[in-house]
Amino acid sequence: MKPGADSAITRNGKSIILAYDHGLEHGPSDFDPVPETADPEVLWELATHSAVTAFAVQKGVAEAYYPSYEDDVSLLAKLNGTSNLWMGEPDSAVNWTVENAADLGADAIGFTLYGGSNHEVEMQEEFRDAQEAARENEMGVVMWSYPRGQGLKNDKKPGTIAYAARLALELGADIAKVKYPGSGEAMEQAVRAAGPTSVVMSGGSKTSDRDFLETVESAMNAGAKGLAVGRNVFQREDPEGILDALEQVIFEEATTDEALETAGL
């Protein structure tokens, strides 16, 4: 990692990355709870919320909308991704070059690495090329570090999540996005393993306002530097309200109860 490289997508060293790569990774069913979110412009407008430090999208969505939002949104170019129709060993196609993302005006790149997959070696080499190109273009680097593969299907064991965080440091990411490993103590282990690389929690599937905020609060108390979240925001009827609450927990160090009250949830 390179000190300060992620400054365009952080606030005082912390971040709330709003992710909207779900149309590729999961398919349109992720938009069913709130059908209007299938329209990318709804999410671009949401990404202008003061809590959001970066908006992570795939190439096509960025090309279609970012020129209209470049003054209000920090763009995190998600370089790779594979549809949920793919049933093979975990892998992720590289769909966007760093150079093209830089030409569009992206502030940082995002890259998924499936540690433990039979394709890990190839993915690490692809990440190397992307990371070095990002440095040449003065862009931050965020790794979606998800251990998956034969014998490791969506593994959330503390030691495995800590290993995922360490992979991000060893390979040169500025920010590691990892699954919440189930407890504050386990998250502390991941944060220690990442060293100077910032660790942010993956938002995951939608839960209740309180449960979600309590998990985020636990992660922050354990030393995490923020959150990368999609469904736990855009699948709600009041996404602005949960962003208001997240802003309190992550940037103002509020408790869940304080954040819920402030946000009126």
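Residues numbered from 1 in each chain as written. Predicted model: local features only at pLDDT ≥ 70, side-chain atom pairs only at ≥ 80, totals over all residues. Heavy atoms only, no water.

Caption draft 1: Quick peek at the overall build of the chain. Of the regular secondary structure elements, the chain holds eleven helices and eight strands. Computed over its C-alpha atoms, the radius of gyration of the chain comes to 17 Å, within 12% of the 18 Å expected for a compact globule of 265 residues. Taken along the three principal axes of its C-alpha coordinates, the chain extends 45 × 40 × 35 Å. The burial tally for the chain puts 55% of its 265 residues in the buried class. Restricting to contacts in the chain with at least 6 residues of sequence separation, those with at least 24 account for 72%. Split by element, the accessible area of the chain, about 11,200 Å² in all, is 45% carbon and sulfur. Placing the 20 positive and 45 negative side-chain charges of the chain at their respective mean positions leaves the two points 7 Å apart. (Helix = DSSP H or I, 4+ residues; strand = E, 2+ residues; numbered from the N terminus. Rg over C-alpha atoms; globule rule 2.2 N^0.38 Å. Buried < 20%, exposed > 50% of the residue type's maximum accessible area, 1.4 Å probe, protein only. Contact = heavy atoms within 4.5 Å. Areas by Shrake-Rupley, 256 points an atom, 1.4 Å probe, with all protein chains shown as cover. Lys, Arg positive; Asp, Glu negative; His and termini not counted. Charge placed at Lys NZ, Arg CZ, Asp CG, Glu CD.)

Caption draft 2: Inspection of unusual backbone geometry at higher detail. Backbone geometry places N12, a non-glycine residue, at a positive phi of 55°. By the secondary structure assignment, N12 is in the segment before strand 1 (15-19). The phi angle at E253 is positive, at roughly 60°, despite the residue not being glycine. Structurally, E253 is set in the loop between helix 10 (239-251) and helix 11 (256-263).

Caption draft 3: The arrangement of the sheet that holds strand 4 (residues 108-113) in detail. Read around the closed barrel, the eight strands follow the order 1-2-3-4-5-6-7-8; overall the barrel is parallel. The mean angle between the axes of side-by-side strands here comes to 25°, regardless of whether they run parallel or antiparallel. Relative to strand 4, strand 3 (residues 75-78) runs parallel, the two being bridged by three bridges. Note on strand 4: the bridge partner recorded for L76 is A108. (Pairing = 2+ DSSP bridges. Axes fitted to C-alpha atoms, helices over the stretch in contact; angles between N-to-C directions.)

Caption draft 4: Focus on the UniProt feature "active site" (unreviewed entry) in the chain. Feature annotation in UniProt places "active site" (unreviewed entry) on Y146 and K177, given in this structure's numbering. Despite a sequence span of 32 residues, these residues sit close together in the fold, their greatest C-alpha distance being 8.2 Å. Mapped onto the elements, Y146 comes out in the loop between strand 5 (140-145) and helix 6 (158-171). For Y146, a relative accessible area of 8% puts it in the buried group. With residues near it in sequence (within four places) discarded, Y146 still touches L113, Y114, G115, K177, K179 and S202. Judged by its relative accessible area of 7%, K177 is buried. (UniProt positions renumbered as here; feature names shortened; annotations may be inferred.)

Caption draft 5: The arrangement of the nonpolar core in detail. With 84 residues, the main nonpolar core has F55, L76, M187, V216 and L246 as its most contacted residues. Of the residues forming this core, the biggest block, seven residues, is contributed by helix 10. Beyond its immediate stretch of four places on either side in the chain, L246 contacts I16, F212, L213, V216, L227, V233 and F251. (Core = buried A, V, L, I, M, F, W, Y, C linked by side-chain atoms within 4.5 Å.)

Caption draft 6: Geometry of the environment of L169. With respect to the element layout, L169 can be found in helix 6. C-alpha separation for the pair L169 and T197, spaced 28 residues apart in sequence, amounts to 5.6 Å. With near-sequence residues (within four places) excluded, L169 lies in contact with M1, A193, A194, G195, P196 and T197.

Caption draft 7: Main features of helix 6. Taking 1.5 Å as the rise per residue, helix 6 with 14 residues should run 20 Å; its terminal C-alpha atoms sit 20 Å apart, in good agreement. For helix 6, every residue scored as buried is listed here: T160, I161, A162, A164, A165, L167, A168 and L169. On its buried face, helix 6 sits against strand 4, helix 5 (120-136), strand 5, strand 6 (175-178), helix 7 (184-194) and strand 7 (198-202). G172 sits one or two residues past helix 6 and shows a positive phi near 105°. (Expected span 1.5 Å × (residues − 1).)

Caption draft 8: Representation of the pattern of salt bridges in the model. Applying the stated criterion across every chain yields a total of nine salt bridges. Across the pair D129 and R128 runs a salt bridge whose closest N-O atoms are separated by 3.0 Å. Classification of D129 as partly exposed rests on a relative accessible area of 44%. Overall, the relative accessible area of 40% leaves R128 in the partly exposed class. (Salt bridge = Lys/Arg side-chain N within 4 Å of Asp/Glu carboxyl O.)

Caption draft 9: Highlighting the pairing of strand 4. A large share of strand 4 lies buried, amounting to six of its six residues. Across the two faces of strand 4 the burial is the same, with A108, G110 and T112 and I109, F111 and L113 all buried. In this fold, strand 3 hands off to helix 4 (residues 98-104), which returns the chain to strand 4; that crossover is right-handed. One ladder, built from six bridges, connects strand 4 with strand 5; its direction is parallel. Bridging from a neighbouring strand, A108 pairs with G140 of strand 5. The handedness of the strand 4 to strand 5 crossover, carried by helix 5, is right-handed. (Right-handed = clockwise from strand over helix to strand, strands pointing away.)

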